[in-house]
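Understanding the architecture of this molecule
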Amino acid sequence: MKLYTTKTSFVIEQDDSTLQKLFIDRTTGAIQLTDSIPNVKDQLATSLIYGIVGFIQLHAGEYLIVVTGRESVGALNGKQVYRATSFEIIPLAHGLANLTTQQKSDESAYVDLLQQHLQSGSLYYSPTFDVTNCLQRQAQSNGMEPIWKRADERFFWNKFISTKLIQASNQQSKFGDFILPLLQGFIELSVSRVNNETFILALITRRSRHRPGTRFFSRGIDAHGHVSNYVETEQLVIYDGPNAKLPLTGKQQLSYVQTRGSVPIYWAQIINLKYTPRLWVGDAKKSASAARAHFDEQISIYGSQILVNLVNTKGYEVPVGQAYANIVKQLNDPRLHYTHFDFHKECSKMRWHRIQLLVEELRDRLIDQGYYHYNSMDGTTKKQTSVVRTNCMDCLDRTNVVQSTLAKWMLTRQLRELNILAENEELNNSSPFMAKYRGVWADNADRVSCMYSGTGALKTDFTRTGQRTKAGALQDLSNSITRYVKNNFLDGSRQDGYDLFLGNYSVDKTSAPFSEEKPLRVRAVPPIVIFALIMLFLHLLRPAMFGSHSTMTYLTILMFWLSVLVSAIKFALRHSDQFVALPHLSIAPQPNDEAGSTTPPMTSFTTEKLSNPSVL
């Protein structure tokens, strides 16, 4: 598209210049369709864009967000799929003259949050292929409707900021030509070969826009049945038959779908500067009601649920695992098939081959579940009738390892049906294809993990190589330390980015969410800790810098700086809520352990009204 900028308007022209253009009035924000473009003498600038993300209202008025850069990730059925690589946030109004100093500061913070969110590198789209729906749902939909109407609203990431265009299209359908559904997640397509047969292997991960957020600020379920970090992953095989030439047209299309998501109960982890946050589990009766809503939606979309719970059966994670099992028992639904596989216990001491125990346990249900299969001669010949819903605590590391293992098992069955593999032939673990296959799933693990935890996934050495290694364990340690720092001190702003972009927070000119200033004693602690550490290390490593001292004096100085450091850390732990980076755009109630409350202490990171106002 071309974006024409004038003093009074923006005009967006589609790549086919005979189609109607979108006219945006910069003064009123009104949009309309037009057949003309601005006169050359009126144009301030003309730029190339690849789509409209939407409109968002901030202090200075509306902003137009557009895609300015993209890269192709491949084609499905001849339709190009892109990753959006750069964006521009354009104010409709001229300048910030009517804003107060505080509002100008807040406006800059809002724009920075949007930029940070958009530049995550995880937004995908296609003008002609519906990236939000798996192949089976696409086959069941009305293919005559525009893509934005067919889009699965769970995965239509920019649906909120597309509201203006959606409402206009309800009055005049041609506005829909400018609506571009974005998917947050992961898409990778690769041309693959097994036994000299060529096919396309694709992996598409779709992240839900409901109950979004970062690792410790978004846990569990809400009253609508939406769970944190809910993700649908689809593995596709596109095959045209023996000796087919590229590009493949999709004569045979096979698809296998899995889901993951936070344990569907009310629970949270309260960040408190400790490596292991405080665990909170809510009321069982209220959890059951929310879980019922969650599974009703799951069953209506996917059919029966094969629930695979990977949390530990001993230690810290036990209350969450037990609460989940009790909820499933309480629901007493024959369409819920619950399996608890203690991943860390079964696969301890590098015995990761024992994941096959889980595959064997699920084997019969996986066979009954099947997969989607379409061929150009007979249409849809098979459908997937249920879904595996996997979880651990974060739904990142253990979950991805298990999902990739189940996907490989199902891929083997699919390739046998296509006669690419013989009836009893297995995929060769040392083949070039398996190296590529593991790499795709490991990249998927890293992308999902970065969106939620801020780092790449753990345990990806097994996903990439089929073996657990000491180098991988060291990399996991590095990622764990990075996660600790980000989750405690940086994720507040990332959570704010989610809430602002997805419409969970509305900008109010009367509020100043970023103006809070912490007490002096709190602001003084970080420099005290840093200075005490420097002095401690200097006295240990370069004592000569401070002249000669008796042994007793030297030890006394060391003990002094050590005591300063310990005292500052103890103070920080006692007042941890003052030091962690909480979101500014969410309600953050004070700690409260009332059994009936469904709102976890210090984490109410949704726009729902609190069910228990007393926690405020």
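Scroll up to find the structure this text is about.
What counts, and where the lines are drawn
- Residues numbered from 1 in each chain as written.
- Predicted model: local features only at pLDDT ≥ 70, side-chain atom pairs only at ≥ 80, totals over all residues.
- Heavy atoms only, no water.
- Helix = DSSP H or I, 4+ residues; strand = E, 2+ residues; numbered from the N terminus.
- Buried < 20%, exposed > 50% of the residue type's maximum accessible area, 1.4 Å probe, protein only.
- Contact = heavy atoms within 4.5 Å.
- Areas by Shrake-Rupley, 256 points an atom, 1.4 Å probe, with all protein chains shown as cover.
- Phe/Tyr/Trp six-rings, centres within 6.5 Å; stacked < 30°, edge-to-face > 60°.
- Pairing = 2+ DSSP bridges.
- Axes fitted to C-alpha atoms, helices over the stretch in contact; angles between N-to-C directions.
- Core = buried A, V, L, I, M, F, W, Y, C linked by side-chain atoms within 4.5 Å.
- Parallel < 35°, antiparallel > 145°, perpendicular 65-115°, else oblique.
- Left-handed = near helix turned anticlockwise from the far one by under 90°.
- Nonpolar A, V, L, I, M, F, W, Y, C, P; charged D, E, K, R; others polar.
- Polar contact = N/O pair within 3.5 Å; in protein donor to acceptor, adjacent residues only side chain to side chain.

**Side note on the overall build of the protein chain**
Looking only at helices and strands, the protein chain has 15 helices and 20 strands in total. The principal-axis extent of the C-alpha atoms belonging to the protein chain is close to 90 × 70 × 55 Å. Looking at the protein chain as a whole, 54% of its 616 residues are labelled buried. Put simply, of all contacts in the protein chain between residues at least 6 apart along the chain, 67% involve residues at least 24 apart. Accessible surface, the protein chain: about 27,200 Å² in total, of which carbon and sulfur atoms supply 53%.

**Thoughts on the packing of aromatic side chains**
This model, assessed by the stated rule, comprises 12 aromatic pairs. Look at Tyr 275 and Tyr 484: their rings are 6.3 Å apart centre to centre, the planes differ by 25 degrees, and that puts the pair in the stacked class. Within this pair, whereas Tyr 275 is found in the loop between β14 (267–270) and β15 (278–281), its partner Tyr 484 is found in helix α12 (residues 470–489), the two being separated by 209 residues in sequence. Note on Tyr 275: relative accessible area 54%, which makes it exposed. With 5.3 Å between their ring centres and 85 degrees between their planes, Tyr 324 and Tyr 338 make a pair best called edge-to-face. Of this pair, Tyr 324 sits in helix α6 (residues 318–331) while Tyr 338 sits in strand β17 (residues 336–340), and the two are 14 residues apart along the sequence.

**Side note on the pairing of strand β2 (residues 9–13)**
Summarising burial for β2: five of the five residues are buried, a large majority. The two faces of β2 match: Ser 9, Val 11 and Glu 13 on one face and Phe 10 and Ile 12 on the other face are all buried. Alignment of strand β1 (residues 2–5) against β2, held across four bridges, turns out to be antiparallel. Pairing of Thr 5 across the sheet is with Phe 10, part of β2. Hairpin connection between β1 and β2: a loop of three residues separates the two successive antiparallel strands.

**Things to note about the sheet that holds strand β3 (residues 21–25)**
Strand order across the open sheet formed by five strands is β4-β3-β2-β1-β5, with antiparallel pairing between neighbours. If you trace the sheet from one side to the other, it starts and ends with β4 (31–34) and β5 (45–48), each paired once. Sheet twist, expressed as the mean angle between neighbouring strand axes with direction ignored, is 20 degrees. Bridge count for β3 against β4 is four bridges, and the pairing is antiparallel. Each residue of the ladder has a partner; that of Lys 21, found in β4, is Thr 34.

**Some words on the nonpolar core**
Counting 72 residues, the largest nonpolar core has Ile 187, Phe 199, Phe 343 and Phe 433 as its most contacted members. Ranked by residue count, the leading element in this core is helix α9 (residues 397–417), at eight residues. Setting aside chain neighbours within four positions, we find Phe 433 in contact with Ser 192, Arg 193, Val 194, Phe 199, Leu 201, Leu 411 and Leu 427. By size, the runner-up hydrophobic cluster in this structure holds 32 residues, among which are Ile 56, Tyr 63, Tyr 82 and Ile 161.

**Considerations on the packing of helix α8 (residues 355–369) against α9**
Closest axis-to-axis distance for the α8/α9 pair is 11 Å, and the angle between their directions is 50 degrees. It follows from the interaxial angle that α8 and α9 lie oblique. Along this stretch, α8 crosses α9, giving a crossing that reads as right-handed. For the pair formed by α8 and α9, the contact residues are Ile 355, Gln 356, Leu 358, Val 359, Leu 362, Arg 363, Leu 366, Ile 367 and Gln 369 on the first element and Val 401, Val 402, Thr 405, Leu 406, Trp 409, Met 410 and Arg 413 on the second. Here the residues of the contact of α8 with α9 sort into 11 nonpolar, three polar and two charged.

**Digging into the side chain of Asn 158**
As for its position among the elements, Asn 158 is in the loop between α3 (147–150) and α4 (163–171). Only 2.9 Å separates the side chain of Asn 158 from the backbone oxygen of Leu 180, close enough to count as a polar contact. Leaving out residues up to four positions away in the same chain, Asn 158 has contacts with Ile 52, Val 53, Leu 180, Pro 181, Leu 182 and Phe 501.

**Considerations on the pairing of strand β12 (residues 231–239)**
Within β12, nine of the nine residues are buried, which leaves the element mostly enclosed by the surrounding structure. In β12, alternate side chains face the same way, and those of Val 231, Thr 233, Gln 235, Val 237 and Tyr 239 on one face and Glu 232, Glu 234, Leu 236 and Ile 238 on the other are all buried. Relative to β12, strand β11 (residues 197–207) runs antiparallel, the two being bridged by eight bridges. Its bridge partner being in β12, Arg 207 is matched across the sheet by Val 231. Two elements, β12 and strand β13 (residues 252–260), share nine bridges in a ladder whose sense is antiparallel. Paired with Ile 238 across the strands is Gln 253, a residue of β13.

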